[in-house]
Protein chains: 2
Amino acid sequence: MAGRAALGKHLVAELWVRDPRTLDDAAGLEQALLAAAERGRFTVLDRKIHAFSPHGVTGILLLSESHLAIHTWPEYGYAAVDVFSCSGAPWEALEELKERLDVEHIEVRELDRGLLRSVGAGSLRLARHR
Amino acid sequence: MAGRAALGKHLVAELWVRDPRTLDDAAGLEQALLAAAERGRFTVLDRKIHAFSPHGVTGILLLSESHLAIHTWPEYGYAAVDVFSCSGAPWEALEELKERLDVEHIEVRELDRGLLRSVGAGSLRLARHR
């Protein structure tokens, strides 16, 4: 990766699940996030889970490595997941969530965060430290 | 936007500031996040700020609309900012942060989250609800 040192990796994931009820279970989602953090070898500093009325849950883990977040729309069977980490195993954390939420379809965008030196003309818009 | 209904908008921003000390001021960053949320017309449910040793701050606002997060690397003059919102004015929120942190350079990727119907072959990998 000559010329491209990134401070963090950010997995932006779109999860579509088989059973939307899993996306309205705040306690279950909290456990899933914690299990994901463990599998990703992240250190959890703090956590916040909020259940919306009539449905939907937001859960965020504050990590030493950055953050792990989930926002759910049970009415669409959809969950937005962010795994932002400057170390550890973010893809393993995402895999844990995928298994626990019985995901039918997933799309992931893998973003570099804090690129210290940009490459030349590319398809991505890269941060330049100047 | 026929054929492309998204549940949320996610601004993934890379900020490079003039004075790195602003990135190590946890209280100042908390105020900046709250001001950004106000300007973005977001509802703050909860907030968490953590100052790392020897430097660096993580701040997350839990929003009714999703989340607003900042992770700083003062040693590089860099802050990773995420504005993830299903309503309100995310670009305005980001503008507030940009002003308060005296940003020298910024790169933003604007991502749709939870696309309910995918378009045909495109450059982005889109989520499909099926």
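Look up: the structure comes first, before these words.
First, a word on what this report is: a plain description of the structure on this page.

Examining the sheet that holds strand β5 (residues 78–85) of chain B
All names here are of chain B.
And then number 1: What the six strands build is an open sheet, ordered β2-β3-β4-β5-β1-β6; its pairing is antiparallel. Only two strands of the sheet have a single neighbouring strand rather than two, namely β2 (44–51) and β6 (103–115). The average undirected angle you get between the axes of adjacent strands in this sheet is 10 degrees.
And then number 2: Sheet topology places strand β1 (residues 6–17) next to β5; eight bridges connect them, and they run antiparallel.

Topic: the interface of chain A and chain B
And then number 1: Across the boundary between the two partners, chain A contributes 46 residues, which contact 46 residues of chain B.
And then number 2: Summing the contributions of chain A and of chain B, the shared interface buries around 4200 Å²; its carbon and sulfur component is 62%.
And then number 3: Our enumeration of links across chain A and chain B arrives at six salt bridges.
And then number 4: Here B:Asp46 and A:Lys48 are joined by a salt bridge, their closest N and O atoms 2.8 Å apart.
And then number 5: Inspection of the region where chain A meets chain B yields 18 residue pairs in polar contact (both at pLDDT 80 or more).
And then number 6: For the side of chain A that touches chain B, the secondary structure elements donating two or more residues are β1 (6–17), β2 (44–51), β3 (57–63), β4 (66–73), β5 (78–85) and β6 (103–115) of chain A.
And then number 7: Looking at the side of chain A that touches chain B element by element, the count peaks at 10 residues for β6(A).
And then number 8: The class makeup of the residues in the side of chain A that touches chain B is 24 nonpolar, 10 polar and 12 charged.

Points about the relation of the copies chain A and chain B
And then number 1: Of the transformation superimposing chain A on chain B, the axial component is 0.0 Å and the angular component is 180 degrees, with the fit at an RMSD of 0.0 Å. Here the symmetry operator amounts to a two-fold rotation axis.
And then number 2: Most of the interface of chain A is mirrored in chain B: 100% of its interface residues are interface residues there too.

Re the sheet that holds β1(A)
Residue and element names in this part refer to chain A.
And then number 1: Ordered by their spatial adjacency, six strands build an open sheet running β2-β3-β4-β5-β1-β6, and the pairing between neighbours is antiparallel. Whereas interior strands pair on both sides, the edge strands pair on one side only; in this sheet they are β2 and β6. The sheet shows a mean angle of 10 degrees between the axes of neighbouring strands, taken without regard to direction.
And then number 2: Bridge analysis of β2 against β3 gives seven bridges, and the strand direction is antiparallel. Bridging from a neighbouring strand, Asp46 pairs with Leu62 of β3.

Quick word on the pairing of strand β3 (residues 57–63) of chain B
Residue and element names in this part refer to chain B.
And then number 1: Counting buried residues along β3, seven of its seven residues qualify, which places the element largely inside the surrounding structure.
And then number 2: Residues Val57, Gly59, Leu61 and Leu63 line one face of β3 and the alternating positions Thr58, Ile60 and Leu62 line the opposite face, and both faces are buried.
And then number 3: Adjacent in sequence and paired antiparallel, β2 and β3 are bridged by five residues, among which Gly56 carries a positive phi angle near 110 degrees.
And then number 4: As defined by bridge partners, β3 adjoins strand β4 (residues 66–73) across six bridges and the pair is classed as antiparallel. Counterpart to Leu63 in the pairing with β4 is Ser66.
And then number 5: The hairpin formed by β3 and β4 contains two residues between the paired strands.

A look at the pattern of salt bridges
Residue and element names in this part refer to chain A.
And then number 1: Applying the stated criterion across every chain, the model contains 26 salt bridges over all chains.
And then number 2: Among the salt bridges present, the one from Asp112 reaches Lys9, with a minimum N-O distance of 3.4 Å. Here Asp112 is found in strand β6, whereas its partner Lys9 is found in strand β1, with 103 residues between them in sequence.
And then number 3: Given a relative accessible area of 15%, Asp112 falls into the buried group.
And then number 4: The exposure class of Lys9 is partly exposed, given its relative accessible area of 26%.
And then number 5: When salt bridges that share partners are traced, they join Arg39, Glu92, Glu96, Glu99 and Arg100 into one network.

Parameters at a glance
- Residues numbered from 1 in each chain as written.
- Chains lettered and ligands numbered in written order.
- Predicted model: local features only at pLDDT ≥ 70, side-chain atom pairs only at ≥ 80, totals over all residues.
- Heavy atoms only, no water.
- Pairing = 2+ DSSP bridges.
- Helix = DSSP H or I, 4+ residues; strand = E, 2+ residues; numbered from the N terminus.
- Axes fitted to C-alpha atoms, helices over the stretch in contact; angles between N-to-C directions.
- Contact = heavy atoms within 4.5 Å.
- Buried area = accessible area lost by both parts, 1.4 Å probe.
- Salt bridge = Lys/Arg side-chain N within 4 Å of Asp/Glu carboxyl O.
- Polar contact = N/O pair within 3.5 Å; in protein donor to acceptor, adjacent residues only side chain to side chain.
- Nonpolar A, V, L, I, M, F, W, Y, C, P; charged D, E, K, R; others polar.
- Least-squares fit on C-alpha atoms with pLDDT ≥ 70 in both.
- Buried < 20%, exposed > 50% of the residue type's maximum accessible area, 1.4 Å probe, protein only.

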